[in-house]
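One-letter residues, chain by chain:
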Amino acid sequence: MLFLLLGLVTGLIGAVPFFVSGRRYLALGAIYAAVVALVCSGAYYLSPPTLVNPLWGSVGIFTGLAAALAAVIVGMSSEGSYRNGGNRSRIWPAALLPALCVALFLGRGCTGCSAFRASDYAGMIGQVEERVWTQDVQPKDPHHIRLVPIELAQWLADKQLGEAPGAIGSQFQIDKDRMTIQMIKGELWYVAPLDFKDYGVWSSSGAAPGYVMVSGEDPHRTPVLKFDEKFAFTPGAYFGHDLARHLWTHGYESKGLMDYSFEIDDEGKPWWVVTVYEPTIAWSGERVEGVVLVDPTDGSTAFHELGKVPGWVDRVVPSGVAHDYIAWHGKYAGGWWNSVWAEKNIMVPQSPTFIHGNDGEPYWVTDITSSNEKDKSLLGLMYTNARTGKSVFYRAVGSVDEAVLEAVNNKVAFKRWHGASPVLYNMYGTMASIVPLLGESHTFQGVAIVKIDNASEVAIGDDLPGALREYQKLLGSHGVAASPDIAHDRKTAEGKVDRFAIDVRGQETTYYVHLKDVGVIFTGGSDLSATLPLTQAGDTVSLTYIGSDEAVVPMMSFENKSLTLTGTVPARPARR
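Reading the values: rules and limits
Residues numbered from 1 in each chain as written. Predicted model: local features only at pLDDT ≥ 70, side-chain atom pairs only at ≥ 80, totals over all residues. Heavy atoms only, no water. Helix = DSSP H or I, 4+ residues; strand = E, 2+ residues; numbered from the N terminus. Rg over C-alpha atoms; globule rule 2.2 N^0.38 Å. Buried < 20%, exposed > 50% of the residue type's maximum accessible area, 1.4 Å probe, protein only. Contact = heavy atoms within 4.5 Å. Lys, Arg positive; Asp, Glu negative; His and termini not counted. Charge placed at Lys NZ, Arg CZ, Asp CG, Glu CD. Pairing = 2+ DSSP bridges. Patch = residues over 30% accessible without salt bridge, like charges linked within 9 Å, V, L, I, M, F, W, Y side chains within 5 Å. Areas by Shrake-Rupley, 256 points an atom, 1.4 Å probe, with all protein chains shown as cover. Salt bridge = Lys/Arg side-chain N within 4 Å of Asp/Glu carboxyl O. Expected span 1.5 Å × (residues − 1). Arc of directions from axis to C-beta. Axes fitted to C-alpha atoms, helices over the stretch in contact; angles between N-to-C directions.

### Examining the overall build of the protein
Scanning the protein for helices and strands turns up 13 helices and 25 strands. A globule of 576 residues ought to have a C-alpha radius of gyration of about 25 Å, yet the protein, at 32 Å, is considerably larger. When burial is assessed residue by residue, the protein has 49% of its 576 residues classed as buried. Within the protein, residue pairs in contact and separated by at least 24 positions form 56% of the contacts whose partners lie at least 6 positions apart. The protein carries 47 positive and 60 negative side-chain charges, and their two centres are separated by 5 Å.

Set out below in C-alpha cells:
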C-alpha cells in the first residue's frame, strides 16, 4: 500500500501546476495526477525508494520532475491561448512549484558541498591510530593463507554446479556478486548462494535449493554444494519475495540499506546480512548504524546495532564505506582549499582487500598512495575493522598491489599465466604479498611471493611450500634486513656445524647450515657473510634468524668464530 500512497503523493503534488492555473486545467490536472500516480507507483514497486535521504530521495526527485513537466504543458497551452487573445500571466503560478523544487534540491545539495563541509567529510573515519608495520598486523607464519582468488573460486563453483546431479545448473545460477570469503570453523571459505535464473524458474520452484562453498585456502579441494535449503527470499526472487522489497515493506522503508551479503553463522545456518546506514552530510556521509539479519527461508528479520553485532558476522562496514571514509580523510584532512590548490599530503586509497587478522577480526586492507596518478609506491596501509569501523594506519614503504601484480605477470607471462588477488603477510619479518598464479582457463598453477620493498624480488613455486622455500633462498641470498619492529622476534643460535651443504641453481648459490643439537636448518647466501662459503663441519658459528615454526629458516647474520681474521696482510721477509 505504501507504494500506491507514495505514487499518489507524487501525482497530486506533480499536478499542482494544473490546479493553480484555472478551472480549465482541473480535468487535465486530475488525469495527469492519475497517470503519474500509476506510473510512479509501479516505479517505486520495482525499485523501492530510500526514504532516509533528504526530500525522500527519488520520491522527491520524481515529484519535482512531474511538477516541471506539468508546468511545461501549462506553459505551452497558455502560450497558445495568449496568441489567441488569452492571458499569459497564467504561466507564472504553474512555474512556481518546479522552481521551488529546484531551489530546495540545490539548497539541500549545497549543504553537503565539500567546500563547506570538508572537516565533516574528513572526520567520518573517526580517530585514526597510527603505527609502524609490525608483527601484530599479520602472523609471520600464517596458518590460513588465502591461495584461492575470487576469479578461481567463481570458476570452481560454476564447474561444480555444472556437474551437480539433477541438472540444477539449468534452473539456478551462482550469485557471484554476493560470493564472500569468510572464516567458518577456523577455515577460510568462499560462500555463494544459488539464485533463480528467471521468472519461470521462480514461479515453478518458489525456492532456491541452497549455496556452494569453495575453499579459500586449498585450490585443489572439491567445492561443497549444500542443497538442503529452501531460500524463498533472495535478490533474484520476484514480487514480495524480492529481498530488497521484502525489507522495504517490513519496517525498513525509512532506513538506508546497502551491501546485501551472504554469511554462515557458527551453527552452519545461512543468513542475509544487510548494512543499515543513515546519511549525515546531505545525501552523502553514510554512517553505519548496524546490520539487519534476514532468514532466507522465512524472511524473518533481526536488527543489531553497531557494536552489538554477532561475532560470526564479518561484514558490518561495507568496502565502499571504508573506501569513502579513507578517501575523504586523505583528501580533506588539510582542509578543502588544500585539496584543490596546494594538495599537500594528499593520500589516495586503492581498492580495499578483505582479510582476517591474527586476532581473528575481519579487516578491509587498503593501500595508500600519493595523489600522483602514476605513483605505484606505497605510503602506508589502512586497516579498517569490518565489524567496528575503527581504522589503523600503518606507515610502510613498498609497492601497491598493482605494482606487485605487474612484477609477477612479467615473471610468468611467457607461460601465459597471471597473478590474482595479492594478500599481504609478514613473512620472516618482511612485508610480502602472496599471489596465486592462474592459467588462461582459470586453473591454479602455483604461488608467487613478492617482497614489498622491492617488487622485482619474486619467488615462485608450484605450491605454497615450494614458494616459501624459494622465498627463504631469496632472503638468505641477500640477508634479511633487521629493523626495530621485528627485534622482539630475532633469535640467536651458536654452536658447532655438523652438516654443511651448497645448492647451486643457475646463478644463485644457497648455503645450508645445521648446528649440533639445534633442530633447524639455516639458509643464506655468500653476501650474508664472507666467511659463510668457507665454513665446514666442525666450525663454531654464531647466527641470528627470525623465530618461526618452520624447520628451514633464512639467516639474518652469520659469523664463523673458527676463522680468525686479522684484517692485515703479514709483512714479507726482507730480501738478502
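Right, picking up where we left off after that structure.
### Quick word on the pairing of strand β24 (residues 540-546)
With respect to burial, β24 is a largely interior element, six of its seven residues being buried. Where β24 lies against strand β25 (residues 552-560), five bridges are found, and the strand directions are antiparallel. Bridge assignment links Val541 to a residue of β25, and that residue is Asn560.

### Remarks on a nonpolar patch on the surface
Taken together, the side chains of Leu8, Leu12, Phe19, Val20 and Leu26 make up a nonpolar region of the molecular surface, amounting to roughly 400 Å² of accessible area. Relative to the elements of secondary structure, Leu8 occurs in helix α1 (residues 2-14). Using a relative accessible area of 43% as the deciding quantity, one classes Leu8 as partly exposed.

### Re helix α7 (residues 150-162)
The end-to-end C-alpha distance of α7 is 18 Å, a good match for the 18 Å that 13 residues give at a rise of 1.5 Å each. Those residues of α7 that fall on the buried side of the exposure criterion are Leu152, Ala153, Leu156, Ala157, Gln160 and Leu161. In a view along the axis of α7, the buried residues occupy a sector of 165°, so they form one face of it. Check the buried side of α7 and you find it contacts β2 (172-174), β4 (187-196), β5 (211-215), β6 (224-226), β18 (430-438) and β19 (444-451).

### Regarding the sheet that holds strand β8 (residues 270-281)
Spatial ordering of the open sheet is given by β7-β8-β9-β10, a layout of four strands whose pairing is antiparallel. Looking along the sheet, the strands with just one partner apiece sit at the ends: β7 (256-264) and β10 (301-305). Within the sheet, the average angular offset between the axes of one strand and its neighbour, ignoring direction, is 30°. Note: β7 against β8, seven bridges, orientation antiparallel.

This is a description of form; function is not addressed.
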